[in-house]
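Residue-level structural notes
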Amino acid sequence: MEKNEVLALVNEVFIDALDNEDIKLTEATTANDVEEWDSLSHIQLIVAVEKKFKIRFTSGEIHGFKNVGDMCDAIIAKLG
Amino acid sequence: MDTLDFSALKKNLKKDFSGFPEVKICVLGDAPTQLLVQALRGFGYNQKISYTILEADFDQIDRQLMDPASDVYAFNPDFIIVYNAQQKLQQKFYKKKRTEKESFASDFINHLEELFSSVNSNTSCRIIYLNFAESLDGVYGNYANNIDFSFLYQIRKINLELMNMAIKTGNLSICDISLLSSFLGKQVVFSPSLYINSNLTFSLDFLPVVVKNISDIILSAKGKFNKCIILDLDNTLWGGIIGDDGIENIQIGDLGIGKAFTELQYWVMQLKERGIIVCVCSKNNEEIAREPFEKHPDMVLRMEDISVFMANWETKADNIRAIQAILNIGFDSMVFLDDNPFEREFVKKEIPEITVPDLPEDPAEYLLYLQSLNLFEISALSAEDEKRTQQYQEDAKRTVIKKSFANEEEFLSSLEMISEVSAFNKFSTPRVAQLTQRSNQFNLRTIRYSESEVASLSQDPNAITLSYNLQDKYGQYGLISVVVLKKKTDRIVAIDTWLMSCRVLKRGMEKFVLNTIVAAAQKGGFEWIEGEYIPTAKNDMVADHYKSLGFEAMEKENHWQLNVGNYSKFEVYIQEVKA
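**Points about the overall build of chain B**
- Across its full length, chain B carries 25 helices and 17 strands.
- For 579 residues, the compact-globule formula gives about 25 Å, and the C-alpha radius of gyration of chain B, at 27 Å, lands near that figure.
- A sequence separation of at least 24 residues applies to 72% of the contacts in chain B between residues at least 6 apart.
- Carbon and sulfur atoms form 50% of the exposed surface of chain B, whose accessible area is close to 26,300 Å².
- Here chain B contributes 62 positive and 80 negative side-chain charges, whose respective centroids are spaced 4 Å apart.

**Some details on the overall build of chain A**
- Helix and strand counts for chain A come out as 4 helices and 0 strands.
- What you see in chain A, going N to C, is helices and strands ordered as α-α-α-α.
- Over its C-alpha atoms chain A spans a radius of gyration of 11 Å, differing by no more than 12% from the 12 Å that the globule rule assigns to 80 residues.
- Considered along the principal axes of its C-alpha atoms, chain A spans approximately 30 × 25 × 20 Å.
- Counting only residues that meet the buried cut, chain A has 41% of its 80 residues in that class.
- For chain A, restricting intrachain contacts to residue pairs at least 6 apart in sequence, the fraction spanning at least 24 positions comes to 50%.
- By element, 50% of the accessible surface of chain A is carried by carbon and sulfur atoms, the whole surface being about 4,400 Å².
- When the 8 basic and 16 acidic side-chain charges of chain A are each reduced to a single mean position, those positions are 8 Å apart.

**Concerning a nonpolar patch on the surface**
Residue and element names in this part refer to chain B.
- A cluster of nonpolar residues, Tyr94, Val139, Tyr140 and Tyr143, forms a patch on the protein surface that exposes about 420 Å² of accessible area.
- You can see tyrosine 143 is positioned in the loop between strand 4 (126-130) and helix 8 (151-168).
- On the accessibility criterion, tyrosine 143 (49% relative accessible area) is partly exposed.

**Quick look at the interface of chain B and chain A**
- At the junction of the two partners, chain B supplies 16 residues and chain A supplies 14 residues.
- Both sides together, the interface formed by chain B and chain A hides about 1,400 Å², and carbon and sulfur atoms give 52% of it.
- At the surface where chain B touches chain A, the tally comes to 3 salt bridges.
- For Lys14(B), the salt bridge is made with Asp19(A), and the minimal N-O distance between the two is 3.8 Å.
- At the boundary of chain B with chain A, the tally comes to 7 residue pairs in polar contact (both at pLDDT 80 or more).
- Each residue belonging to the side of chain B that touches chain A can be placed in one class, and the counts come to 5 nonpolar, 7 polar and 4 charged.

**Examining the nonpolar core**
All names here are of chain B.
- One finds Ile25, Leu130, Val210 and Ile214 to be the most contacted residues of the largest nonpolar core, which totals 44 residues.
- No other element matches the 9 residues that helix 12 (residues 207-221) contributes to this core.
- Ignoring anything within four residues of it in the chain, the contact list for isoleucine 25 reads Leu40, Tyr51, Thr52, Ile53, Leu54, Phe75, Pro77, Phe79, Ile81 and Ile218.
- One finds Phe442, Cys502, Val504 and Val542 within the second-largest nonpolar core, a separate group that totals 42 residues.

**Side note on helix 2 (residues 34-47) of chain B**
- End to end, helix 2 of chain B covers 20 Å across 14 residues, agreeing with the expected 20 Å (1.5 Å per residue, within 8%).
- Those residues of helix 2 of chain B not exposed but buried are Leu35(B), Leu36(B), Val37(B), Gln38(B), Ala39(B), Leu40(B), Gly42(B), Phe43(B) and Gly44(B).
- The inward-facing, buried residues of helix 2 of chain B abut helix 2 (39-53) of chain A together with helix 1 (6-12), strand 1 (22-29), strand 2 (50-55), strand 3 (79-83) and helix 12 of chain B.
- One or two residues past the end of helix 2 of chain B sits Lys48(B), with phi positive at roughly 60°.

**A closer look at the domain arrangement of chain B**
- By the assigned domains, chain B splits into domain 1 (6-221), domain 2 (228-372) and domain 3 (405-578).
- The centre of domain 1 of chain B, based on its C-alpha atoms, is set 37 Å off from the matching centre of domain 2 of chain B.

**Quick word on the sheet that holds strand 4 of chain B**
Residues and elements named next belong to chain B.
- Strand order in the open sheet formed by 5 strands is 2-1-3-4-5, with parallel pairing between adjacent strands. The sheet is open, and its two borders are formed by strand 2 and strand 5 (172-175), each paired with just one other strand. Between one strand axis and the next, the sheet turns through 25° on average, direction left out of account.
- Across the sheet, helix 2 is in contact with strand 1, strand 2 and strand 3; its angle to strand 2 comes to roughly 165°.

Cut-offs and rules
- Residues numbered from 1 in each chain as written.
- Chains lettered and ligands numbered in written order.
- Predicted model: local features only at pLDDT ≥ 70, side-chain atom pairs only at ≥ 80, totals over all residues.
- Heavy atoms only, no water.
- Helix = DSSP H or I, 4+ residues; strand = E, 2+ residues; numbered from the N terminus.
- Rg over C-alpha atoms; globule rule 2.2 N^0.38 Å.
- Contact = heavy atoms within 4.5 Å.
- Areas by Shrake-Rupley, 256 points an atom, 1.4 Å probe, with all protein chains shown as cover.
- Lys, Arg positive; Asp, Glu negative; His and termini not counted.
- Charge placed at Lys NZ, Arg CZ, Asp CG, Glu CD.
- Buried < 20%, exposed > 50% of the residue type's maximum accessible area, 1.4 Å probe, protein only.
- Patch = residues over 30% accessible without salt bridge, like charges linked within 9 Å, V, L, I, M, F, W, Y side chains within 5 Å.
- Salt bridge = Lys/Arg side-chain N within 4 Å of Asp/Glu carboxyl O.
- Buried area = accessible area lost by both parts, 1.4 Å probe.
- Polar contact = N/O pair within 3.5 Å; in protein donor to acceptor, adjacent residues only side chain to side chain.
- Nonpolar A, V, L, I, M, F, W, Y, C, P; charged D, E, K, R; others polar.
- Core = buried A, V, L, I, M, F, W, Y, C linked by side-chain atoms within 4.5 Å.
- Expected span 1.5 Å × (residues − 1).
- Domains from an automatic or database assignment.
- Pairing = 2+ DSSP bridges.
- Axes fitted to C-alpha atoms, helices over the stretch in contact; angles between N-to-C directions.

This is the structure we're talking about:
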């Protein structure tokens with residue numbers, strides 16, 4: 001899967017989980033850029049992304065995400 | 001178990017809760033509880049309840065519950081939820097020396113007892129405690145069963161001791177995390193990575209299950225629970241169609257997949273023995289539909305187990321309405337089982353309040369599915385519960401007989417009613433408390449009393465307590481009405497509580513009760529009786545209660561008064577006996 005496809009799907013997950021139609025993610029987006037993205041909803045986002053792509057992040061990966069791009073890279077690596 | 005999604009619950013938080021009744025809850029935990037609180041509030045929307053939740057600061061259980069001046073007590077909650085995380089408990093256990101391990105559970109329980117007794121001396125609210133998922137800790141393998149200093153032994157002991165505590169104290173409910181975890185499996189209820197990364201002790205998929213369970217407890221304690229199960233017959237209670245296949249070919253017992261239906265019937269029988277009213281609603285010829293109950297050797301349920309039997313060609317919704325008219329309980333306390341999705345949808349649409357489980361396609365799956373729904377949560381039991389089937393059968397008989405009398409009076413006097421009137425005593429306390437908690441319709445002020453509050457009312461010199469048993473020639477109704485009078489001044493006594501079971505409506509019982517209230521007021525030397533009607537969503541039927549009994553309206557809205565001296569006794573068809 002191409003990175004922009006993954007990004008688009010991740011964007012859908014964020015819109016649904018955070019209940020905000022206006023979210024527009026880029027690879028550089030961080031939690032600071034999205035109002036509803038706090039430490040509590042972060043858990044929800046991780047679980048929702050895992051379900052969407054039917055993957056499991058390792059704890060190391062979760063800790064290493066600096067931005068949405070990192071998350072997309074990890075998803076692509078897992079999808080192989 | 002119906003799957004609920006955490007995100008869906010969270011989305012509910014943005015919706016409009018106005019108009020929903022408020023329930024005040026305190027949540028205390030030694031692990032983060034924010035997501036639990038979000039999920040609970042969100043679930044409240046589905047149940048039409050607005051939970052106002054005070055979430056104590058992290059790890060403040062002891063500090064808050066031991067201090068009479070704490071925020072928790074100042075908040076005056078209806079329920080206190082206490083959550084000790086299993087992971088925390090395990091850490092504490094592992095830190096103990098070998099010699100301290102065998103008394104770990106007793107020490108823990110002793111501490112909880114102290115905490116809960118502090119709660120009880122500061123408030124009368126109900127405590128909901130989450131018990132512990134058993135933990136496969138892999139230290140001793142199965143041999144953990146052979147030693148009392150294993151974590152497995154100690155955690156099981158804690159869970160058992162919690163049950164003993166709940167038996168002893170009337171206001172402790174256990175939210176059975178252990179049971180839910182074993183039903184769903186550790187892999188579902190716990191996510192190691194979320195625990196390590198975010199200290200989340202329940203997985204996101206488990207949280208909705210936990211809050212549903214907590215909410216079941218809350219609703220039942222608030223008087224909202226199911227009292228009746230209505231059963232379709234063909235392919236629901238037995239396999240096949242009795243009208244086509246005949247009695248010898250329906251699947252029950254050893255025939256075909258009969259075992260699925262036999263086991264379902266055993267379960268229904270257990271519910272019936274517990275006090276759930278069992279009714280039948282089937283599109284069938286009545287004679288043919290009754291035949292298996294009367295003649296089939298493998299049927300578990302028999303005619304005497306069924307309170308109301310409706311087999312005809314009317315619509316299911318009409319028959320359920322007829323059942324409701326006989327039983328006089330709310331549609332929101334009924335469960336309807338039917339294998340046919342069309343009938344289910346029809347009933348749901350016609351009677352939205354009724355619970356209609358979407359039975360799985362395969363009858364083999366019916367029972368496990370139904371058990372997983374926790375349809376019959378309850379917060380107290382009384383001796384009356386077990387007699388209910390018989391009582392409602394008697395009701396059904398009375399309904400039929402009533403049609404044969406020319407007028408009401410003739411019918412009422414033919415019932416040969418006798419009522420025993422007595423002050424609250426230790427035998428009636430559980431039932432009185434239960435009635436104050438359950439009665440919603442014929443209840444003037446809807447004040448809920450716990451058993452301990454009922455007991456203290458009976459000792460209160462400024463209170464007059466009256467309870468009413470009723471029987472007629474068809475059988476016992478049991479304790480069906482409760483009155484509490486409170487002295488307001490030397491001249492005035494106020495009706496604090498007046499409630500009645502709707503089963504005895506239209507028997508002149510309310511007039512009989514008023515006669516006894518006036519007599520009690522006279523005996524106490526009072527000149528005036530004051531009554532108040534506090535409207536709720538459900539007690540519309542008594543809005544004009546005082547007016548119709550001859551009370552005069554007072555200036556304040558919904559306040560009524562009656563002059564004791566001018567009262568002339570109502571004619572009633574109920575004979576009074578004193579206890």
